[in-house]
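What follows is the residue order along each chain.
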Amino acid sequence: MMHVPHATPLRRAPVQRRSAERLTRILDACAALLDEVGYDALSTRAVAQRAGVPIGSVYRFFGNKRQMADALAQRNLERYAERVTERLTETGDGGWRDALDAVLDEYLAMKRTAPGFSLVDFGNQIPVGDRHAEPNHRVADRVTELLSGSLGRRPDEAVRRAFLVAVETADTLVQLAFRVAPDGDEAIIDEARELLAAYLGRVLD
């Protein structure tokens, strides 16, 4: 299975601490404005004003708002990976089912609390970046890496394919849960959890 590269890189990577902090403020402002006005009404000028930086600072990193939203999606994925890693470290090796719960729980927590996440997610919700970037492929690759220590086997093509199918399925069912209820319908989430465990069990048990 072909692995998908990361999202579109920055026009210029921050080198100094001050530049990195400015990039963080820009992405934070982008996330907040996505919640307030949505993607269509988002503008680089509004982001610059909210972040308290000159408009040129935004264009130093991003050519347009699509690239900015794509970078936010990539940051979401990195923060998600950090959260899952911390959760797995705290809980220890409880097997792949406990690890699956951690993966789903942390995703739901970010969807409920992370600014801008409901729109950008990991790049699935709006047409950000290259339309061939396949964000769920990136998510599946990262989840496979995160859970490799809980699988009891080396991730082969069958495992990677199974995680891709699981990520695509989870994405669809979680979207359904959040269409039914603002914070995610718990009954649908429970059904999704059971479905994912049964499907992955065919490959991982």
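One can find the structure itself at the top, above this paragraph.
The structure displayed is predicted, hence computed values, not measured ones.

Topic: the side chain of Lys-65
Note on placement: Lys-65 falls in helix 4 (residues 65-91). For Lys-65, which is buried and forms no salt bridge, the nearest opposite charge comes from Asp-40, at a distance of 5.3 Å. Here the side chain of Lys-65 touches Asp-40 through a polar contact of 3.1 Å, landing on its backbone oxygen. For Lys-65, the residues in contact, after removing those within four places along its chain, are Tyr-39, Asp-40, Ala-41, Leu-42 and Thr-44.

Notes on the nonpolar core
Residues Tyr-80, Leu-147, Phe-163 and Leu-200 are the most contacted members of the largest nonpolar core, which totals 39 residues. The dominant element in this core, judged by the number of residues it contributes, is helix 8 (residues 157-180), at ten residues. Dropping the residues within four chain positions of it, Leu-147 is found in contact with Leu-88, Ala-99, Val-103 and Phe-163. With 23 residues, the next largest nonpolar core counts Ala-31, Val-53, Ala-69 and Val-120 among its residues.

What to know about the packing of aromatic side chains
Counted according to the given criterion, the structure contains six aromatic pairs. Relative to Phe-122, the ring of Tyr-80 lies with its centre 5.2 Å away and its plane at 45°, an arrangement referred to as tilted. With Tyr-80 in helix 4 and Phe-122 in the loop between helix 6 (117-120) and helix 7 (135-151), the pair connects residues that are 42 residues apart, well separated along the chain. Residues Tyr-80 and Phe-122 agree in their burial class; the two are buried. Ring centres of Tyr-107 and Phe-122 lie 5.8 Å apart, and the angle between their planes is 40°; this geometry places the pair in the tilted category. Here the residue Tyr-107 occupies a position in helix 5 (residues 96-113), and Phe-122 occupies one in the loop between helix 6 and helix 7, the gap between them amounting to 15 residues. The rings of Tyr-80, Tyr-107, Phe-117 and Phe-122 are connected pair by pair, giving a single aromatic cluster.

Criteria and thresholds
Residues numbered from 1 in each chain as written. Predicted model: local features only at pLDDT ≥ 70, side-chain atom pairs only at ≥ 80, totals over all residues. Heavy atoms only, no water. Helix = DSSP H or I, 4+ residues; strand = E, 2+ residues; numbered from the N terminus. Buried < 20%, exposed > 50% of the residue type's maximum accessible area, 1.4 Å probe, protein only. Lys, Arg positive; Asp, Glu negative; His and termini not counted. Salt bridge = Lys/Arg side-chain N within 4 Å of Asp/Glu carboxyl O. Polar contact = N/O pair within 3.5 Å; in protein donor to acceptor, adjacent residues only side chain to side chain. Contact = heavy atoms within 4.5 Å. Core = buried A, V, L, I, M, F, W, Y, C linked by side-chain atoms within 4.5 Å. Phe/Tyr/Trp six-rings, centres within 6.5 Å; stacked < 30°, edge-to-face > 60°.

This is a description of form; function is not addressed.
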